Amino acid sequence: MYNLNLNEEQIAIRDTVCDFVKNEITPVAVHPDRLEPFDPPLPTELIDQAAELGLRALSISEEFGGAGADMLTCCIVAEELAVGDADVASVLAETANLAGILFGKLLNKEQRERLLPEFLEDNKYHIALASSEAEFDGWIGNNYCRSKTDGSPVNTKAVQDVNGNWVINGTKTRVSNATVAKLFVVQADTKDGPILLIAPKEAGGIIVNEINRDGGWYIGSCGDVIFTDCTISEENIINLNTMDVFENVGISCAINVGVARAAFEAAVEYSKIRIQGGGPIIQHQAIGAKLAEVAISLEVARTIIWRAAWTSDNESTMSEGNLTGLPLNNIAHISSTEILYKAAKDSAECFGAMGVMRDMPLQKFIHQTRMFLHSRSGNDDSKLQIAEAVAGYE
Amino acid sequence: MDFLLNEEQLEWQMKARKFAEEEIKPISLARDKIANPADTIDWELIKKGSKIGLRTAVVPKEQGGHGIDYVTQALVMAELAKGDSAMSKTFSQCWKWSHAIAAVCTDEQRKRFLKPFLDDDTFVFGSGQTEANSGSDNRMPPVGDLKAGPRLRAELDGDFWVLNGEKQFIANGNIAKLFFLTVRTDFSVPFTDGTTSLLVPWDTPGFRRGKCYNKSGWRFYQNGEMIFENARVPVSNQIGETNMALHKGDGDSSGDMFGDLELAANALGICDSACEKAISLGQNHTSGGELLKEQQLVRLKIGRMSMLTEALRSYVMRVAWEHDQRIHSTNAGLVMNLSTDTVQEVTELCMDIYDNVSGPMDAGVDKLVRDSFIWSHLAGDSVQRLKVAGRIIK
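Everything numeric here is computed off the predicted structure, so don't read it as measured data.

### A closer look at the overall build of chain A
Regarding its fold elements, chain A presents 11 helices and 10 strands. In terms of overall dimensions, chain A is globule-like: its C-alpha atoms have a radius of gyration of 22 Å, near the 21 Å expected for 394 residues. The principal-axis extent of the C-alpha atoms belonging to chain A is close to 80 × 50 × 40 Å. Residue pairs at least 24 apart in sequence account for 75% of intrachain contacts in chain A once pairs closer than 6 positions are excluded. Split by element, the accessible area of chain A, about 16900 Å² in all, is 51% carbon and sulfur.

### Quick word on the pattern of salt bridges
All names here are of chain B. Across all of its chains, the model carries 55 salt bridges over all chains by this definition. A salt bridge links E23 to K48, with the nearest nitrogen and oxygen atoms 3.0 Å apart. With E23 in helix α1 (residues 7-32) and K48 in helix α2 (residues 43-51), the pair connects residues that are 25 residues apart, well separated along the chain. Salt-bridge contacts for K115 lead to D119; the nearest nitrogen and oxygen are separated by 2.6 Å. Taken together, the residues span about one helical turn, with K115 and D119 both in helix α5 (residues 107-119) at a distance of 4 residues. In this structure K115 comes out as exposed when scored by relative accessible area, which is 52%. Of the residues examined, D119 reaches a relative accessible area of 53% and is grouped as exposed.

### Describing helix α4 (residues 85-104) of chain B
Side chains three or four residues apart in an α-helix point the same way, a direct result of the helix having 3.6 residues per turn. Residues and elements named next belong to chain B. End to end, α4 covers 28 Å across 20 residues, agreeing with the expected 28 Å (1.5 Å per residue, within 8%). Maximal helix bending in α4 amounts to about 30°, located at F91. Taking burial as the measure, the 20 residues of α4 include 17 buried ones, the bulk of the element. Two to three positions downstream of the cap, the backbone nitrogen of A86 sits 2.8 Å from a side-chain oxygen, assigning the N-cap of α4 to D84.

### Thoughts on the packing of aromatic side chains
Residue and element names in this part refer to chain B. Taken as a whole and judged by the stated rule, the model has 16 aromatic pairs over all chains. When the centroid spacing of 5.8 Å and the interplanar angle of 75° are considered together, the rings of F123 and F125 count as edge-to-face. Each of the two residues, F123 as well as F125, counts as buried. Here the aromatic residues W97, F117, F123, F125 and F180 are joined through ring pairs into a cluster of three or more.

### Section: the packing of helix α3 (residues 44-51) of chain A against helix α5 (residues 86-106) of chain A
Residue and element names in this part refer to chain A. Interhelical geometry of α3 versus α5 gives an angle of 50° and a closest axis separation of 9 Å. Between α3 and α5, the angle is such that the two are oblique. Both α3 and α5 take part in a crossing whose hand is right-handed. Where α3 approaches α5, its residues L46, I47, A50 and A51 are matched on the opposing element by V88, V91 and L92. For the contact of α3 with α5, the per-class residue count stands at 7 nonpolar, no polar and no charged.

### Concerning unusual backbone geometry
Glycine aside, a negative phi is what most residues show, and trans is what most peptide bonds show. Located in the positive-phi region is D229 of chain A, a residue other than glycine, with phi close to 50°. One non-glycine residue, N172 of chain B, adopts positive backbone phi at about 60°.

### Thoughts on the domain arrangement of chain A
All names here are of chain A. According to the domain assignment, chain A consists of domain 1 (8-124), domain 2 (157-241) and domain 3 (247-391). When each unit is reduced to the centre of its C-alpha atoms, the spacing between domain 1 and domain 3 is 21 Å. Opposite the 25 residues of domain 1 that make contact, domain 3 presents 24 residues. Both faces combined, the contact of domain 1 with domain 3 buries some 2200 Å², and carbon together with sulfur accounts for 62% of it. Linking domain 1 with domain 3 are 4 salt bridges. The interface formed by domain 1 and domain 3 contains 7 residue pairs in polar contact (both at pLDDT 80 or more). Secondary-structure elements contributing two or more residues to the side of domain 1 that touches domain 3 are α2 (32-35), α4 (71-84) and α5. Tallying contributions element by element places α4 first for the side of domain 1 that touches domain 3, with 10 residues. Looking at the side of domain 1 that touches domain 3 residue by residue, the class counts come to 17 nonpolar, 2 polar and 6 charged.

### Points about the environment of N155 of chain A
The residue N155 of chain A is located in the loop between β1 (126-130) and β2 (157-160) in this model. In the structure, N155 of chain A is positioned 155 residues away from W310 of chain A in sequence and 36 Å away in space, judged by C-alpha atoms.

### What about the interface of chain B and chain A?
Tallying the contact residues gives 50 residues for chain B and 43 residues for chain A. Three residues stand out in chain B for area buried against chain A, namely N214, D355 and F373 of chain B, and they jointly supply 17% of the buried area on that side. K33 of chain B is paired through a salt bridge with D214 of chain A; the nearest N and O atoms lie 3.3 Å apart. Where chain B touches chain A, the interface holds 18 residue pairs in polar contact (both at pLDDT 80 or more). Looking at the side of chain B that touches chain A, the elements that each hand over two or more residues are α6 (136-139), β9 (286-287), α8 (296-324), α9 (331-354), α10 (363-373), α11 (375-378) and α12 (382-393) of chain B. Each residue belonging to the side of chain B that touches chain A can be placed in one class, and the counts come to 16 nonpolar, 19 polar and 15 charged.

### Things to note about the pairing of strand β2 (residues 153-157) of chain B
Residues and elements named next belong to chain B. Both β2 and strand β3 (residues 160-171) contribute to a ladder of 5 bridges, which runs antiparallel. In the sheet register, A154 faces β3, and the bridge partner there is L163. Between the antiparallel neighbours β2 and β3 lie 2 residues, among them G158 with a positive phi of about 65°.

### Re the packing of α4 of chain A against helix α8 (residues 285-314) of chain A
What describes two packed helices is the angle between their axes and the distance between those same axes. Residues and elements named next belong to chain A. It is at 7 Å that the axes of α4 and α8 come closest, and there the two elements cross at 145°. Where α4 approaches α8, its residues M71, L72, C75, I76 and E79 are matched on the opposing element by R302, I305, W306, A309, S312 and D313. The residue inventory of the contact of α4 with α8, partitioned by class, reads 7 nonpolar, 1 polar and 3 charged.

### Some points on the confidence of the model for chain B
Confidence in the prediction of chain B, expressed as mean pLDDT, is 94, and 98% of residues score 70 or more. Here the predicted complex scores 0.96 on pTM and 0.95 on ipTM.

### Observations concerning the side chain of K167 of chain B
Residue and element names in this part refer to chain B. Considering the arrangement of structural elements, one finds K167 in strand β3. Its relative accessible area of 0% is what places K167 among the buried residues. Looking at K167, its side chain comes within polar contact range of the main-chain oxygen of Q129, at 3.0 Å.

### Remarks on α12 of chain B
Along its 12 residues, α12 of chain B runs 16 Å from first to last C-alpha, staying within 8% of the 16 Å computed at 1.5 Å per residue. The complete set of buried residues in α12 of chain B reads S382, V383, Q384 and V388 of chain B. As for α12 of chain B, its buried residues are in contact with α8 and α9 (328-349) of chain A together with α6, α9 and α11 of chain B.

Cut-off values and rules
- Every chain is numbered independently, its residues counted from 1 as its sequence is written.
- A letter from A marks each chain and a number from 1 marks each ligand, given out in the order of writing.
- Predicted model: local features are reported for residues with pLDDT of at least 70 only, side-chain atom pairs are reported and counted for 80 or more only, and whole-chain, interface and lining totals are derived from all residues.
- Water and hydrogen atoms were dropped before computing side-chain values, which therefore reflect all heavy atoms in the structure.
- Going along the chain from the N terminus, every DSSP run of H or I of four or more residues is numbered as a helix, and every run of E of two or more is numbered as a strand.
- Note that the radius of gyration is over C-alpha atoms, with the globule rule given as 2.2 Å times the number of residues to the power 0.38.
- The contact rule is simple, with two residues in contact once any of their heavy atoms fall within 4.5 Å.
- Residue exposure ignores everything except the shown protein chains as possible cover, and the areas themselves are Shrake-Rupley values with a 1.4 Å probe.
- A side-chain nitrogen of Lys or Arg and a carboxyl oxygen of Asp or Glu constitute a salt bridge if their distance falls within 4 Å.
- Each residue is placed in one exposure class: buried if its accessible area under a 1.4 Å probe, protein chains only, is under 20% of its type's maximum, exposed if it is over 50%, and partly exposed if it falls in between.
- An expected span of 1.5 Å times one less than the residue number is assigned to each helix.
- Fitting axes to the seven residues ending at a residue and to the seven starting there, one defines the bend at that residue as the angle between these axes.
- Within 3.5 Å is the distance limit for a polar contact, defined as a pair of N or O atoms, with the added protein rule that one can donate a hydrogen and the other accept it, and that residues adjacent in sequence qualify only through two side-chain atoms.
- By convention, a stacked pair of Phe, Tyr or Trp rings (six-membered ring in the case of Trp) has centres within 6.5 Å and planes under 30 degrees apart, an edge-to-face pair has planes over 60 apart, and any other such pair is tilted.
- An axis is simply a line fitted to the C-alpha atoms; with a helix, the fit covers only the stretch in contact. Between two such axes, the angle follows the N-to-C directions and lies from 0 to 180 degrees.
- Any angle that falls under 35 degrees is termed roughly parallel, while one over 145 is termed roughly antiparallel, one within 65 to 115 roughly perpendicular, and all others oblique.
- In this scheme the handedness of a crossing depends on how the near helix is turned from the far one: anticlockwise by less than a right angle means left-handed, clockwise means right-handed.
- Charged means Asp, Glu, Lys or Arg here, nonpolar means Ala, Val, Leu, Ile, Met, Phe, Trp, Tyr, Cys or Pro, and polar covers whatever is left, Gly included.
- Start and end positions for the domains come from either an automated domain assignment or a database one.
- The term buried area denotes the loss of accessible surface (1.4 Å probe radius) that occurs when two parts are joined, taken as the sum for both partners.
- Strand pairing is defined by DSSP finding a minimum of two bridges between the two strands.
- The predictor rates its confidence in each residue with pLDDT, a number between 0 and 100.

This is the structure:
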């Protein structure tokens, strides 16, 4: 049965993260020293601190030493973290998501036993998925009602040397977690078609160039990854021919909710103390209704995101009549990014001119919700994917 | 009905267009990117603009200026804003107070202050209204509220007003040479009956400039803090009668009326820039093997952007025409409100179209959207809308 009644464990982890955010993250994240510069460094200390709560291993099964969290729980944690700082939330969510997929599904026993202990041990151990090719240009709607391509071209090459080792050459662009990763999952083309390889940073031949945070339009960590004769042993191949498994749209939506919630909470707090028009501005209809709309947006966004997460957690046990056949994650992404951007703008408006000042957090929340709105290839592209499902186009 | 521009109007429009293309556009993004908000001003640009009359355009001909009409003012502001909205505003801020000098200053004051303004290419005006306690209340004063309004105190000492207090977010606060300041001269009555206007030169003893605010948009246009510690301003610098600053009639050349048109005309320039960028991308960017303009969704967005922009243009020009005819209606306020919705939707649609280009968002499009958000607190917040609605419903 469809059930969003959070269990004790989920509530406990939510409250733990919430407290941590209030006490440790927010005071640093909203400090003018962090807000004002165009190019603030990634808050690695906060990420390390948060990692100590076990958040990197969130979705690794308990059997393998993780917390065994399902997608819904991951969304809850991501939202709470993002209320404090979206960069922290993004880095940890990316690692947790990839770790869950790798150690839970993709790696064989030998690979898991070789890599897992170090991953669990080292709180600075992060994982990155190097898939986007530098030359690839996103497109809009070109795929609508036309034959599917095999995905974007893979220009990064892997060849086996005389000893059977894989030698990787090529450049991946805008790789999330690139600057903090100790392990890269790399998609590379071979004479037999694309494969996936796991390349530890320490293997050598991997150079990461951080993308300038100013104007880089990203949240978390992001960099170009250049593989130059990066040589890894034969055992590092993953048997997988699709990248779909790595999709984590739901979690990025949850981070977006967290950002908009931070804006909302700030606006409510300020509207109670700001006196204009003869009283606290929250007592004015115009501001009251605006904050109500923001509250509605947060509830609506969270509902569709949680439904998508719950569905993905329960898909295998759901009978056919329960599924709409539409891509719920995509629907959650489109509907939430649009209303959350407006929610952040409306929250900022309560602050008047302070809503645009760089030493105040509101402008950051607007910028971040804007980046979510324009993430992936944009919402038109996402809508056309839904259109294909609606049209029954195969 | 006649929508044709006369020769003089066309001449100014072309002059402004040329200046925007040749002088403003080439430096716009670079000035926007300067991290220290106090360093964004480019005096060479101000001097060049001043030499072709942009700074002094609105001073009446008989007082030594160019005396351009409102239609021309709207045209010029839009053209300059198409190059850079914040640079346009830096020039038009001088016009706002040129109107005020012409309307409310005495001949003696005009002689004393207009000559240095006309002679000095780097002389710009500022105005000081906003204080920590007095933001929205300046626009829509709460009736009978003794606690509301400016607290910057002015007390008579012989032939001088002695000023103590602070102003916030003041336009051109860090660079202006003459300020139009509202000060509290009677605390025993609501500020609407206890506020006086003074002309305050930047070198007034006891006045100093405070911090320059670090804004997320309109970075070229500086807002600063003003601090007064026993600052002595001669009574001869007083504008109008004591305690009567907010009793200005609805004169057809008052600064406020210009201010409404100013924001709308400036927004129009941003919209023009957004349309131009979107159309150019559609015509030149290839995605998935075909030009972007072949995409229906791109065409629909460009159609909507153009529709909204042309509707705003019609309304802006109508209001400018009304001002020239000395018709005083609520249209000025309404077009200001509308310009907020229009400039934000048009620039955001432009950003949607730029989603089709891979990598980070185009810096110019990002700037247009950031600049447009300034309208949320200047022209389109609840108070600005309620104020105009109040005039309609009385």
